[in-house]
There are 2 protein chains.
Amino acid sequence: MHTRNLIYATLLGTLALGTTVARAADPLSSWNDGPAKKTIVEFVARVTKEGAPDFVPPVERIATFDNDGCLWAEQPMYFQLAFALDRVKALAPQHPEWKDKEPFASLLKGDVKGALADGEKAVFQIVMATHAGMTTEEFEKIVKDWVASAKHPKSGKLYTEMVYQPMLELLAYLRANGFKTYIVSGGGVEFMRPWVERVYGIPPEQVVGSMGKLQYEMRDGKPVLVKLPEIDFIDDKEGKPVGIQKFIGRRPVMAFGNSDGDLQMLQWTAAGTGPRFCLYVHHTDADREWAYDRASHIGKLDKGLDEAQRRGWTVVDMKNDWKTVFPPEKK
Amino acid sequence: MHTRNLIYATLLGTLALGTTVARAADPLSSWNDGPAKKTIVEFVARVTKEGAPDFVPPVERIATFDNDGCLWAEQPMYFQLAFALDRVKALAPQHPEWKDKEPFASLLKGDVKGALADGEKAVFQIVMATHAGMTTEEFEKIVKDWVASAKHPKSGKLYTEMVYQPMLELLAYLRANGFKTYIVSGGGVEFMRPWVERVYGIPPEQVVGSMGKLQYEMRDGKPVLVKLPEIDFIDDKEGKPVGIQKFIGRRPVMAFGNSDGDLQMLQWTAAGTGPRFCLYVHHTDADREWAYDRASHIGKLDKGLDEAQRRGWTVVDMKNDWKTVFPPEKK
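It should be emphasised that the depicted structure is a prediction, and the values quoted were computed from it without experimental measurement. (Residues numbered from 1 in each chain as written. Chains lettered and ligands numbered in written order. Predicted model: local features only at pLDDT ≥ 70, side-chain atom pairs only at ≥ 80, totals over all residues. Heavy atoms only, no water.)

Q: Honestly, the interface of chain B and chain A in this entry has me stumped. Any pointers?
A: One widely used convention gives an interface's size as the accessible area the parts lose upon coming together. Contacts between chain B and chain A engage 42 residues on the former and 42 residues on the latter. Considering only the side of chain B, the residues that lose the most area to chain A are B:Glu205, B:Tyr216 and B:Lys246, jointly responsible for 19% of the buried surface there. Scanning the region where chain B abuts chain A turns up 10 salt bridges. Measuring nitrogen to oxygen at the nearest pair gives 3.1 Å for the salt bridge that ties A:Glu137 to B:Arg251. If you look at where chain B meets chain A, you find 22 residue pairs in polar contact (both at pLDDT 80 or more). (Contact = heavy atoms within 4.5 Å. Buried area = accessible area lost by both parts, 1.4 Å probe. Salt bridge = Lys/Arg side-chain N within 4 Å of Asp/Glu carboxyl O. Polar contact = N/O pair within 3.5 Å; in protein donor to acceptor, adjacent residues only side chain to side chain.)

Q: Got a minute to help me understand the packing of helix α11 (residues 263-270) of chain A against helix α12 (residues 303-311) of chain A in this structure?
A: The description of two packed helices rests on the angle between their axes and on the distance between the axes. Residues and elements named next belong to chain A. Closest axis-to-axis distance for the α11/α12 pair is 10 Å, and the angle between their directions is 25°. By the criterion of interaxial angle, the relationship of α11 to α12 is roughly parallel. With respect to the hand of their crossing, α11 and α12 are arranged in left-handed fashion. Contacts between α11 and α12 involve Leu263, Gln267 and Ala270 from the former and Lys303, Gly304, Glu307 and Arg311 from the latter. Residues of the contact of α11 with α12, tallied by class, amount to two nonpolar, two polar and three charged. (Axes fitted to C-alpha atoms, helices over the stretch in contact; angles between N-to-C directions. Helix = DSSP H or I, 4+ residues; strand = E, 2+ residues; numbered from the N terminus. Parallel < 35°, antiparallel > 145°, perpendicular 65-115°, else oblique. Left-handed = near helix turned anticlockwise from the far one by under 90°. Nonpolar A, V, L, I, M, F, W, Y, C, P; charged D, E, K, R; others polar.)

Q: When you look at the relation of the copies chain B and chain A in this model, what are you seeing that I'm missing?
A: Two copies of one chain are present, and they are related through a rotation about an axis combined with an axial shift. The operation relating chain B to chain A is a screw motion whose rotation component is 180°, with 0.0 Å of axial translation and a residual RMSD of 0.0 Å. Accordingly, the operation relating the two chain copies is best matched by a two-fold axis. For chain B, the smallest separation between a C-alpha atom and the rotation axis is recorded for B:Phe247, amounting to 3.1 Å. (Least-squares fit on C-alpha atoms with pLDDT ≥ 70 in both.)

Q: Please explain the state of the cysteines as it appears in this structure.
A: Each disulfide is one covalent bond, formed between the sulfur atoms of two cysteines. Residues and elements named next belong to chain A. Applying the stated criterion across every chain, the model contains zero disulfides over all chains. No disulfide involves Cys70; its sulfur sits 12 Å from the nearest other cysteine sulfur, which is in Cys278. Look at Cys70 and you get buried, because its relative accessible area is 0%. (Disulfide = S-S within 2.5 Å. Buried < 20%, exposed > 50% of the residue type's maximum accessible area, 1.4 Å probe, protein only.)

Q: I keep staring at the environment of B:Lys144 and nothing clicks. Help me out?
A: Residues and elements named next belong to chain B. Take Lys144: it is sitting in helix α7 (residues 136-149). According to the relative accessible area criterion, Lys144 is partly exposed, its value standing at 42%. In this structure the C-alpha to C-alpha distance between Lys144 and Met192, which are 48 residues apart in sequence, comes to 9.7 Å.

Q: Sorry if this is basic, but what is going on with helix α3 (residues 79-91) of chain A here?
A: An α-helix turns once every 3.6 residues. As a result, residues three or four positions apart point the same way. All names here are of chain A. For α3, spanning 13 residues, the distance from its first C-alpha to its last is 18 Å, which sits close to the expected 18 Å at 1.5 Å a residue. Among the 13 residues of α3, 10 are classified as buried, and the element is accordingly described as predominantly covered. Where α3 is buried, its residues contact α4 (104-108), α5 (112-115), α6 (120-131), α7 (136-149), β2 (180-188) and α9 (189-200). (Expected span 1.5 Å × (residues − 1).)

Q: Would you mind showing me how to read a nonpolar patch on the surface here?
A: Residue and element names in this part refer to chain A. On the surface, Phe124, Ile231 and Ile234 cluster together to form a nonpolar patch covering roughly 250 Å² of accessible area. For Ile231, the position within the fold is in strand β4 (residues 222-233). On the basis of relative accessible area, Ile231 is assigned to the partly exposed category, the value being 36%. (Patch = residues over 30% accessible without salt bridge, like charges linked within 9 Å, V, L, I, M, F, W, Y side chains within 5 Å. Areas by Shrake-Rupley, 256 points an atom, 1.4 Å probe, with all protein chains shown as cover.)

Q: How should helix α9 (residues 189-200) of chain B be read in this particular structure?
A: Residues and elements named next belong to chain B. Along α9, 10 of the 12 residues are buried, which leaves the element largely enclosed by surrounding structure. The complete set of buried residues in α9 reads Val189, Glu190, Phe191, Met192, Arg193, Pro194, Trp195, Val196, Val199 and Tyr200. Gly201 lies just past α9 and shows a positive phi near 75°.

Q: Can you help me understand the packing of helix α3 (residues 79-91) of chain B against helix α6 (residues 120-131) of chain B in this one?
A: Residues and elements named next belong to chain B. At a minimum axis distance of 9 Å, the contact between α3 and α6 shows a crossing angle of 65°. When you trace α3 past α6, the crossing you get is left-handed. Taken together, the residues of α6 that come into contact with α3 (itself represented by Gln80, Phe83, Ala84, Leu85, Arg87, Val88 and Leu91) are Ile126, Ala129, Thr130 and His131. A class-by-class count of the residues in the contact of α3 with α6 yields seven nonpolar, three polar and one charged.

Next up, the structure:
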């Protein structure tokens, strides 16, 4: 018996050592030890401690993240818009009429600003012309090819390399603590699903986004889903809590955004009973990324910043809270 | 070293014994050892065996289940319609105008058949009058109260006791084999989510269903989602593969239905590359449940039965394949 106990003790000792080592490696190592990191870690400890008054059962641990400007960059234009512009160029030979039709004519002459002068209407036309008229499987392949090759105009990196290293760590940290991590983005759901599992570790079924209508058809005896040029759902502003209810059906415990488009998601999250956590990523780093907020056309953060300050939500100051912004270059 | 090895061997022996015991308890004990059970078990073994040609990685293991007539009964009328009729009675005092307005007038006189004579239009009016005009949280409470008290007219059981024991075992068996189990039902998503986790072990975020439009509003400084009397999405027939793409974004590996309303879901599943499994529950047991198929108004199974036979899909003969239908009564 003595020997057996000794061996048990040795085994347990090894296990305990393993735990200590695992603890010593900081899962949020790209975060500086400032107030943002502290509030995150304290909140997670509080809701995952069994028996504690604020304990949240694992099944209820839903964390929702905006994508553009929260998990990956969004300057100088939303990456999905860059995709759409590239698609216009690729499709132009099949559309000779675009030479005389705005916004396509300006775009094909290289005048992006002119093409987008009409604002939302121009964007709508460009998105419909490039995101519809094919099957979901065809579109998935187009997105995968683009994501694997297109480069960001400023950094020269793949767009999927313009993701925020501290947020990748945060996603993994929350999952390790029993959270289901969701994207809730104004971006197109079919544009995100092909790559988010590889890049963020978020499976396609945990992506809520804007979408066009789909039509089920038989083609040569094989069923396909055709993407129609009609909007089905816009997952932005008031659409975000609606999207959360439609697609998840459970109120998040934690919500993460970076713009006024996320404000309603954060309000909806904060209004739940029990412990809730809301966080805004504030783009304050013109050197390593971009600095913008109240006056920006893209990712405007104005009302949200006021409400965050008033209500004590966590605001990440990218410049001071993040040790690194983007993941290290792959050799 | 000798002693340590001996103890390791003892520990391993205990573990191995545990495995044997677990295997001996049949996870599908309410299924007779017929062809339906055999095809299920063989398919699951085939796709979960690592290194085998048909291995499906756990992240891709999606299984979708219809609800009405597949996981719980649907006779003599869809249970959600029974809920709606009960709600009309409960709400009648607030709607004096219903006394002279069809389909409500007939309903309130107890003439269900007369009320539903108009078919879909009558059902639409009844559903809109009972499923809209309140917040999502208010509706959730109404559903929970009804589910906890309303009794089935024939069996006298709670509706949530009219679930199929063999299907409960199948859900648990698939989850134990790494599958994510989803409901993909023509029923209302907000009607199912309040109780499916408790009854089926399926979390609300894994329920795809029909839904009305939602509106985000501030009421006394608190955000609410209001259920509007407008249809947003009908998750039936062609709507099922559309719903799977919208809400899951991954094609199921296994799909389970019982009516022609599930045919497109099964076709869409079967059309995927790699191993796929389609199953129809055929209601053949007039003694223990109900017997109906090609001529039934509810849960009609006609084209689907032909296609299942032609394509070799599994068809469950409830009378012969199931040892028991409903769970044993709770004492």
